[in-house]
Amino acid sequence: MERNYTKCHFDFDTLPWLTSPRHQLDLKGVALGLIHLPPGEGYTFTHTHRKQEEVYIIIKGGGLLLVDAKELELAPGDIVRVSPGARRALKADSQGLFVICCGGIPQGYPRNPNARYLIDDGIPDYQDIPPWYSGNQEVIKKNSLLQQRLQKRLKKKLPKK
């Protein structure tokens, strides 16, 4: 039987400059990079992508993200989206910098231009309540309301006969 998950562990404090967990996680559709720059160090060149949009999530430290010759200051909690063709590079400040970089290529998503999420193929199961909320009547009621709202929305989208 095939597993439906892959788990691995990294010590973020001891990572090399760039770690790609692609093989450890058996990634098929999400690009992921763990970037750990020592204090004062940075990329020695910029890069672009043909199609991949990237999101940089600043976890620890600070520094700069160069995007098309504009320097953006970075602090923990910042999240920056960079278009595929933009030239980009990172540099750590005196604290160092830890960034998680995620990327993806649009393949016809979102199917609904007003979707909340880019890949709008989620299928909620409001009856399948996780064990930590098992028997919680507030959660059962909330999920029931969410299910009713979804059913109303789906009925509106059905073609008229």
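Here the structure is shown first, and the text comes after it.
A brief report on the enclosed structure follows. This one's a predicted model, so the numbers in the text were calculated from it and none came from an experiment.

## Some points on the nonpolar core
Next, step 1: Ranked by internal contacts, the top residues of the largest apolar core, which has 15 residues, are Tyr56, Leu65, Leu90 and Leu97.
Next, step 2: Secondary-structure elements contributing two or more residues to this core are β2 (31–37), β3 (53–67), β5 (79–82) and β6 (88–104).
Next, step 3: Take this core: its biggest share by element is five residues, from β6.
Next, step 4: Not counting the four nearest positions on each side in its chain, leucine 90 is found in contact with Ile35, Leu37, Gly42, Tyr43, Tyr56, Leu64, Leu65, Leu74, Leu97 and Val99.
Next, step 5: By size, the runner-up hydrophobic cluster in this structure holds five residues, among which are Phe10, Leu15, Leu34 and Phe98.

## Brief notes about the pairing of β2
Next, step 1: Here strand β1 (residues 18–19) runs beside β2; their pairing, made up of two bridges, is antiparallel. Across the sheet, the residue bridging to leucine 18 is isoleucine 35, located in β2.
Next, step 2: Looking at chain direction, β2 and β6 are connected through seven bridges and run antiparallel. Paired with leucine 37 across the bridge in β6 is leucine 97.

## A short note on the pattern of salt bridges
Pairs can form between side chains of opposite charge once their charged atoms are near each other.
Next, step 1: Counted by the stated rule, this structure contains four salt bridges.
Next, step 2: Lysine 28 is the salt-bridge partner of aspartate 26, the closest N and O atoms lying 2.5 Å from each other.
Next, step 3: Put simply, glutamate 54 and arginine 88 hold a salt bridge, and the shortest N to O gap is 2.6 Å. On the criterion of sequence distance, the pair formed by glutamate 54 in strand β3 and arginine 88 in strand β6 is long-range, its members being 34 residues apart. Like glutamate 54, the residue arginine 88 is buried in the burial classification.

## Quick notes on the packing of aromatic side chains
Next, step 1: Throughout the structure, instances matching the rule amount to one aromatic pair.
Next, step 2: Each ring, one from phenylalanine 12 and one from phenylalanine 98, has its centre 4.6 Å from the other, and the planes form 35°; the classification is tilted. Highlighted residues: phenylalanine 12 in the segment before β1 and phenylalanine 98 in strand β6, separated in sequence by 86 residues.
Next, step 3: On the basis of relative accessibility, which here comes to 37%, the residue phenylalanine 12 falls in the partly exposed class.
Next, step 4: Judged by relative accessible area, phenylalanine 98 falls into the buried class, the value being 3%.
Next, step 5: Here arginine 3 stacks its cationic end above the ring of tyrosine 5, 5.3 Å away from the centre of that ring.

## Side note on unusual backbone geometry
Next, step 1: Residues other than glycine seldom take positive phi values, yet aspartate 68 does so here, at roughly 50°.
Next, step 2: Along the chain, the position of aspartate 68 falls in the loop between β3 and β4 (70–74).
Next, step 3: For aspartate 68, a relative accessible area of 41% gives the class partly exposed.
Next, step 4: A positive phi is found at alanine 69, a non-glycine position, where the angle reads about 70°.
Next, step 5: Along the chain, alanine 69 falls in the loop between β3 and β4.
Next, step 6: What makes alanine 69 exposed here is its relative accessible area of 62%.

Basis of the calculations
Residues numbered from 1 in each chain as written. Predicted model: local features only at pLDDT ≥ 70, side-chain atom pairs only at ≥ 80, totals over all residues. Heavy atoms only, no water. Core = buried A, V, L, I, M, F, W, Y, C linked by side-chain atoms within 4.5 Å. Buried < 20%, exposed > 50% of the residue type's maximum accessible area, 1.4 Å probe, protein only. Helix = DSSP H or I, 4+ residues; strand = E, 2+ residues; numbered from the N terminus. Contact = heavy atoms within 4.5 Å. Pairing = 2+ DSSP bridges. Salt bridge = Lys/Arg side-chain N within 4 Å of Asp/Glu carboxyl O. Phe/Tyr/Trp six-rings, centres within 6.5 Å; stacked < 30°, edge-to-face > 60°. Lys NZ or Arg CZ within 6 Å of the ring centre and 35° of its normal.

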